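Coordinate analysis (summary)
Take a look at the letters that make up each chain.
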Amino acid sequence: MRDPQPAGGPNPEASARLWRGSTAQRLRLVSGLVLFAFAATHFANHALGLVGLETMVDVARWRTAVTRSIPGSLILGLSLLIHVAFALVRLAEHRTLRMPPWEAAQTLLGFAIPFLLVPHVLATRVTNLVDGTRTNYPYVIVHVWPDGMGYQTALMLVVWLHGCLGLHAWLRLSPLYRRMAPLLAVPAVGLPAAAFAGIVTQARIMERDLVLARRFDAPDLDARWQVPPLDQAVLGWGDTVTGVIYAATALALGVVLMRAAATLRARRFGVTYVGGPTVRSLEGPTLLEISRANRVPHVSVCGGRGRCSTCRVLVVSGEENLSAAGPQEAAALRAIGAPANVRLACQARPRGDVALVRILDPRRPETTDSHLTSTDVAGTEREVAILFIDIRGFTPLSERKLPFDVVFILNRFFEAVGREIEAAGGWIGGYAGDGLLALFTHPDGIGAACRSAFTAAGRVDVAVAELNRQLAAELPAALRMAMGLHAGPLVLGRLGYGASRGMSVIGPAVNLASRLESLAKAADVQLVASAEAAGRAGIALDGLRVETVAVRGVTAPLPVIYAERARDLAGALSAATQAGAA
């Protein structure tokens with residue numbers, strides 16, 4: 001059973017992050033999605049050759065009614081021009097050709113596509129426009145089989161690999177995509193394989209039909225595969241179009257090389273990486289490009305497009321020597337609540353000496369994909385359930401005890417609470433005086449993590465009651481708790497230095513959980529949880545105390561549930577757990 005949808009619906013922050021970027025980046029992204037959709041439906045049409053030629057032709061008739069209509073042709077043509085143009089501009093803007101292997105592979109495949117695509121487009125769409133030839137599947141199969149099949153297969157693979165790499169680089173910022181990636185690998189591999197098999201199947205049927213037509217004088221079989229020859233005049237245009245593509249690519253590479261030559265005489269300044277090397281650079285490249293050019297490890301999950309914020313740096317000195325943050329960078333930094341001296345390395349361009357700290361640890365051996373999937377790597381964004389627990393009225397109690405006694409009581413409290421948190425599948429994310437932060441993730445998603453957090457809260461209630469019984473002679477009054485529970489997307493990673501580094505989280509949801517714990521104190525109840533977390537856990541709100549309250553730091557009023565004792569939710573939680581396992 002799927003986890004219940006949170007009260008607020010899909011997470012808008014995750015969607016907004018996918019669409020971050022300049023207008024040029026968004027145009028390039030949208031044009032790429034249009035082209036990928038065209039390729040996917042085209043390949044699916046090819047795969048219908050496994051069913052029959054008539055099915056291929058019938059579906060193609062409906063498909064081309066859209067793609068070869070005036071609006072469809074304009075959208076496809078503009079998408080292709082925009083995508084190629086912005087790819088050339090992006091290449092020309094590079095100050096170094098050093099880039100991650102996946103980005104290099106995607107770039108090379110992308111520039112190979114036009115050279116492979118031009119003959120195919122001229123032989124099909126352009127021929128159809130020039131003389132009205134029906135460039136349907138029999139027409140294509142006759143002309144590509146068998147000599148041109150290798151060429152067509154190369155075109156299919158290059159287009160598909162380029163598109164899949166681009167989609168993966170974009171969507172891996174989404175937690176939902178990372179969970180579904182193993183399932184999506186099936187169509188990613190299966191669709192081009194089925195497309196190839198569909199074309200080959202019909203090509204072999206064509207060979208059989210032509211043999212039978214000659215052997216038995218069957219004109220109907222022969223007519224099925226008799227199509228007009230290729231228009232050589234149209235095909236001759238291919239050299240001109242290919243020449244233009246060569247010239248545009250050479251121009252873009254020439255700009256990169258001229259910039260590289262200009263660096264030989266340009267004034268240089270120092271970029272110091274705290275804990276790493278000091279390198280010399282010139283004005284123009286971004287900090288990320290400087291890292292790549294000097295082979296300084298630097299995490300950048302989105303490939304330097306300003307969407308993921310994993311390349312961010314803490315500027316120690318020389319902040320005035322960096323370019324001002326543009327709207328795209330400012331939006332990304334604002335979304336993660338970054339302080340003023342944190343910048344995106346892929347956007348900030350130094351003009352003088354600067355010293356910085358790479359916030360995400362680049363020295364670990366994991367790939368960038370590992371940064372997105374491993375809970376042990378700094379800077380991974382995950383949806384996390386957060387439980388704040390604090391002792392109420394502990395200050396007066398501590399003033400009446402010797403320091404040794406205070407430490408003893410706190411350690412017994414933390415031991416009892418920590419044991420139940422770990423038993424429920426969570427871990428301690430940090431301590432603050434007489435309180436602690438507990439974190440919960442789960443392989444089955446945020447719904448299961450929320451159920452674990454509510455389970456832990458109930459167990460902690462019981463464990464502290466037992467602790468009060470054991471320490472009754474030592475305590476002037478029973479220990480009382482206030483707990484706040486919320487869930488949301490956070491940056492999850494190990495914070496600190498050396499052996500003291502511990503797993504923790506950063507983000508607005510942490511602050512909200514802390515504020516809910518304060519609400520519990522003010523309302524004299526043990527637990528206040530957001531209705532969103534309860535909904536994700538599958539807890540029915542019927543019969544519970546639910547109020548909509550104003551929470552400091554949250555723009556809109558927030559529905560929350562109040563529980564006198566955390567164990568009071570045991571029945572509702574048990575029903576939710578059974579439903580989640582169904």
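The paragraphs below set out a description of the structure included in this document. The shown structure was predicted, so the numbers you read here are calculated from the model rather than taken from an experiment. (Residues numbered from 1 in each chain as written. Predicted model: local features only at pLDDT ≥ 70, side-chain atom pairs only at ≥ 80, totals over all residues. Heavy atoms only, no water.)

**Things to note about the overall build of the protein chain**
Cut-off, in case you're wondering: Elements are defined by DSSP. Helices are runs of H or I of four residues or more, strands are runs of E of two residues or more, and each kind is numbered from the N terminus. Accessibility here uses a 1.4 Å probe with only protein chains present; expressed as a share of the type maximum, an area under 20% marks a residue as buried, one over 50% as exposed, and anything in between as partly exposed. Contacts were defined at the residue level, with two residues in contact if any of their heavy atoms lie within 4.5 Å. With residues, only the protein chains shown are counted as cover, and all accessible areas are computed by Shrake-Rupley using a 1.4 Å probe.
Assigned secondary structure in the protein chain consists of 19 helices and 13 strands. Put simply, the protein chain has 582 residues, and 47% of those count as buried. In the protein chain, once contacts between residues fewer than 6 apart in sequence are set aside, the share between residues at least 24 apart is 73%. Looking at the protein chain as shown, the accessible area adds up to about 28,200 Å², and 62% of this sits on carbon and sulfur atoms.

**Structural notes on the nonpolar core**
What counts here: Here, nonpolar core refers to any group of buried Ala, Val, Leu, Ile, Met, Phe, Trp, Tyr and Cys residues whose side-chain atoms link them within 4.5 Å.
One finds L387, I389, F413, F440 and F454 to be the most contacted residues of the largest nonpolar core, which totals 45 residues. For this core, the elements supplying multiple residues, two or more each, are β6 (380–392), α15 (403–423), β8 (435–440), α16 (446–470), β9 (480–495), β11 (527–530), α18 (531–537) and β13 (558–563). Looking at this core, the element that brings in the most residues is α16, giving 11 residues. In contact with F440, not counting residues within four places along its chain, are V384, A385, L387, I421, A424, G425, G426, W427, A449, S452, A453 and A456. Ranked by size, the runner-up nonpolar core spans 21 residues in total, among them Y273, L322, L344 and C346.

**Details of helix α7 (residues 149–171)**
Formally: Expected helix span is given by 1.5 Å per residue-to-residue step, counting one fewer step than there are residues.
For α7, with 23 residues, the first-to-last C-alpha span of 32 Å sits near the 33 Å given by 1.5 Å per residue. Along α7, the residues classified as buried are M149, Q152, T153, L155, M156, V158, V159, W160, H162, G163, A169 and W170.

**As for the pairing of strand β2 (residues 278–282)**
The condition is simple: Here a strand pair is declared whenever DSSP counts at least two bridges between the two strands.
Relative to β2, strand β1 (residues 268–273) runs antiparallel, the two being bridged by five bridges. Residue F269 lies in a different strand from β2, and its bridge partner there is S281.

**Digging into the pairing of β11**
Because side chains alternate across β11, one face comprises the buried residues L527 and A529, and the other comprises V528 and S530, equally buried. Pairing between β11 and β13: four bridges, direction antiparallel. Its bridge partner lying in β13, S530 is registered against V560.

**A closer look at the pattern of salt bridges**
Heads up, the rule is: Salt bridges are defined by distance alone: a side-chain nitrogen of Lys or Arg within 4 Å of a carboxyl oxygen of Asp or Glu.
The tally for this structure, following the rule as stated, stands at 16 salt bridges. Between R480 and D524 there is a salt bridge, with its nearest N and O atoms 2.6 Å apart. Taken together, the residues R480 in strand β9 and D524 in the loop between α17 (508–523) and β11 connect sequence positions 44 residues apart. Here E517 ties to K521 by a salt bridge, and the two come within 3.3 Å at their closest N and O atoms. Taken together, the positions of E517 and K521, both in helix α17 and four residues apart, correspond to about one turn of that helix. Since its relative accessible area comes to 6%, E517 is described here as buried. One continuous salt-bridge network, built from bridges that share partners, spans E383, E532 and R536.

**Some remarks on the packing of aromatic side chains**
Stated precisely, the cut-off is as follows: Stacked, tilted and edge-to-face are the three classes applied to pairs of Phe, Tyr and Trp rings, where Trp contributes its six-membered ring and a pair requires centres within 6.5 Å; stacked means planes under 30 degrees apart, edge-to-face means over 60, and tilted covers the rest. In this analysis the charged atom, NZ for Lys or CZ for Arg, is taken to sit over a ring once it is within 6 Å of the ring centre and within 35 degrees of the ring normal.
This structure, assessed with the given rule, holds four aromatic pairs. Aromatic pair F414 and Y431: ring centres 4.8 Å apart, planes at 65°, arrangement edge-to-face. Here Y431 lies in strand β7 (residues 427–432) and F414 lies in helix α15, a separation of 17 residues in the sequence. One aromatic cluster is present, formed by F36, F43 and W160 through successive ring pairs. For R545, the ring lying beneath its charged end belongs to Y562, and the centroid distance is 4.1 Å.

**What about the packing of helix α2 (residues 23–47) against helix α3 (residues 53–67)?**
Stated formally: Between the N-to-C directions of two axes lies an angle of 0 to 180 degrees, each axis being a line fitted to C-alpha atoms and, for a helix, fitted only over the stretch in contact. Angles are sorted into four bins: roughly parallel if under 35 degrees, roughly antiparallel if over 145, roughly perpendicular if 65 to 115, and oblique for all others. Should the near helix be turned anticlockwise from the far one by less than a right angle, the crossing is termed left-handed; should it be turned clockwise, right-handed. Only Asp, Glu, Lys and Arg are considered charged in this grouping, and only Ala, Val, Leu, Ile, Met, Phe, Trp, Tyr, Cys and Pro are considered nonpolar; every other residue, Gly among them, is considered polar.
Two elements in contact, α2 and α3, have axes whose closest approach is 9 Å; the angle formed by their N-to-C orientations is 160°. By the criterion of interaxial angle, the relationship of α2 to α3 is roughly antiparallel. The hand of the α2/α3 crossing is left-handed. Contact with α2, carried on its side by F38, T41, H42, N45 and H46, involves M56, V59, A60, R63 and T67 of α3 and no other residues of that element. Among the residues forming the contact of α2 with α3, the class breakdown is four nonpolar, five polar and one charged.

**As for the environment of G445**
Looking at where G445 falls in the secondary structure, it is placed in the loop between β8 and α16. Classification of G445 by relative accessible area gives buried; the value is 10%. Residues G445 and P175, 270 residues apart in the sequence, show an inter-C-alpha distance of 9.4 Å.

**Overview of unusual backbone geometry**
The peptide bond linking W145 to P146 adopts the cis configuration, its omega dihedral lying at -5°. Position of P146 among the secondary structure elements: in the loop between α6 (137–144) and α7. Positive phi values are uncommon outside glycine, yet R295 reaches one of about 55°. Among the structural elements, R295 can be located in the loop between α11 (287–293) and β3 (312–317). Residue R295 is classed as exposed on the basis of its relative accessible area of 63%. Even without glycine at this site, D524 takes up a positive phi of about 55°.

From the geometry alone we can't say anything about function, so treat these as descriptive.
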